Amino acid sequence: DQQVKQNSPSLSVQEGRISILNCDYTNSMFDYFLWYKKYPAEGPTFLISISSIKDKNEDGRFTVFLNKSAKHLSLHIVPSQPGDSAVYFCAANQAGTALIFGKGTTLSVSS
Amino acid sequence: DAGITQSPRYKITETGRQVTLMCHQTWSHSYMFWYRQDLGHGLRLIYYSAAADITDKGEVPDGYVVSRSKTENFPLTLESATRSQTSVYFCASSAGAGTYEQYFGPGTRLTVT
């Protein structure tokens, strides 16, 4: 059973607008959550993370929100830029070892 | 300072052949990981290693063998390749269990015919 779910395979947004990518999880033991970004023919790169003791973490244009009661996190990108077009993976961690990834959401930002 | 590298970047092999994918990191990270990426499945963990000579299975280990005799290298071997192992393989490393960020290599695209 999938423990980390990204239910939207794709998202299209206009340049300058907000992009919101969503992620749900089922395991309440997860204590750390991360977002990775992946361009074609490259490996994923770390974007932003959040600990389960926080509900928000911000880094420039990127903000991650965590709602533990709903087992839901979201990544907000404001403003969106064409260079943000990529696949975004949500990942969760328990006991500090292996990450569990969602299936990814492909973001397309049009100019 | 290449960070983490994978070789080959592309490989075509036949069913039943043995093939080894190489992974090398220059950070002296203690943890290393192998993932495969398939359409509709995202990234799935095959094996990981907490240190030299310590390895453990991930979600999809069947058909794969790993070894880690040196901290910087973590090869992945497909003992008898099958078409279902056609995929993009990513190696990753991290500094330790307390450091959650993993750094990924560029990937190896493997096709089994």
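In the block above lies the structure referred to throughout.
Residues numbered from 1 in each chain as written. Chains lettered and ligands numbered in written order. Predicted model: local features only at pLDDT ≥ 70, side-chain atom pairs only at ≥ 80, totals over all residues. Heavy atoms only, no water.

**Q** Teacher, can you tell me more about the overall build of chain A here?
**A** Secondary structure summary: chain A contains zero helices and 11 strands in total. Going from N to C terminus, chain A has its helices and strands arranged as β-β-β-β-β-β-β-β-β-β-β. The C-alpha atoms of chain A give a radius of gyration of 13 Å, which matches the 13 Å a tight globule of 111 residues would have. Considering only C-alpha atoms, chain A reaches an extent of 40 × 30 × 20 Å along its principal axes. The 111 residues of chain A split such that 46% are buried. Sequence separation of at least 24 residues holds for 52% of the intrachain contacts in chain A that already meet a minimum separation of 6. When the accessible area of chain A is evaluated, it comes to approximately 5,300 Å², of which 48% is carbon and sulfur surface. (Helix = DSSP H or I, 4+ residues; strand = E, 2+ residues; numbered from the N terminus. Rg over C-alpha atoms; globule rule 2.2 N^0.38 Å. Buried < 20%, exposed > 50% of the residue type's maximum accessible area, 1.4 Å probe, protein only. Contact = heavy atoms within 4.5 Å. Areas by Shrake-Rupley, 256 points an atom, 1.4 Å probe, with all protein chains shown as cover.)

**Q** Mind showing me how you'd approach a nonpolar patch on the surface here?
**A** All names here are of chain A. On the surface, Ile18, Ile20 and Val78 cluster together to form a nonpolar patch covering roughly 230 Å² of accessible area. One can find isoleucine 20 in strand S3 (residues 19–25). Taking the relative accessible area as the measure of exposure, isoleucine 20 reaches 37% and is therefore partly exposed. (Patch = residues over 30% accessible without salt bridge, like charges linked within 9 Å, V, L, I, M, F, W, Y side chains within 5 Å. Salt bridge = Lys/Arg side-chain N within 4 Å of Asp/Glu carboxyl O.)

**Q** Any chance you could explain the sheet that holds strand S1 (residues 4–5) of chain A here in plain terms?
**A** Consider a sheet: its strands pair through backbone hydrogen bonds, and that pairing is either parallel or antiparallel. Strands sit in the order S1-S3-S8-S7-S6 (chain A) across an open sheet of five strands; the sheet is antiparallel. In this open sheet, the two strands that pair with only one neighbour each are S1 and strand S6 (56–59) of chain A. (Pairing = 2+ DSSP bridges.)

**Q** Got a minute to help me understand the interface of chain B and chain A in this structure?
**A** Many analyses report the size of an interface as the accessible area lost when the parts associate. Counting residues at the interface gives 20 residues for chain B and 19 residues for chain A. Buried area between chain B and chain A, both sides added, is near 1,600 Å², and the carbon and sulfur share of it is 64%. Taken together, the links from chain B to chain A amount to zero salt bridges. Applying the counting criterion to the chain B and chain A interface returns three residue pairs in polar contact (both at pLDDT 80 or more). Breaking the side of chain B that touches chain A down by element, the ones donating at least two residues are strand S4 (31–38) and strand S5 (42–51) of chain B. Classifying every residue of the side of chain B that touches chain A gives 11 nonpolar, seven polar and two charged. (Buried area = accessible area lost by both parts, 1.4 Å probe. Polar contact = N/O pair within 3.5 Å; in protein donor to acceptor, adjacent residues only side chain to side chain. Nonpolar A, V, L, I, M, F, W, Y, C, P; charged D, E, K, R; others polar.)

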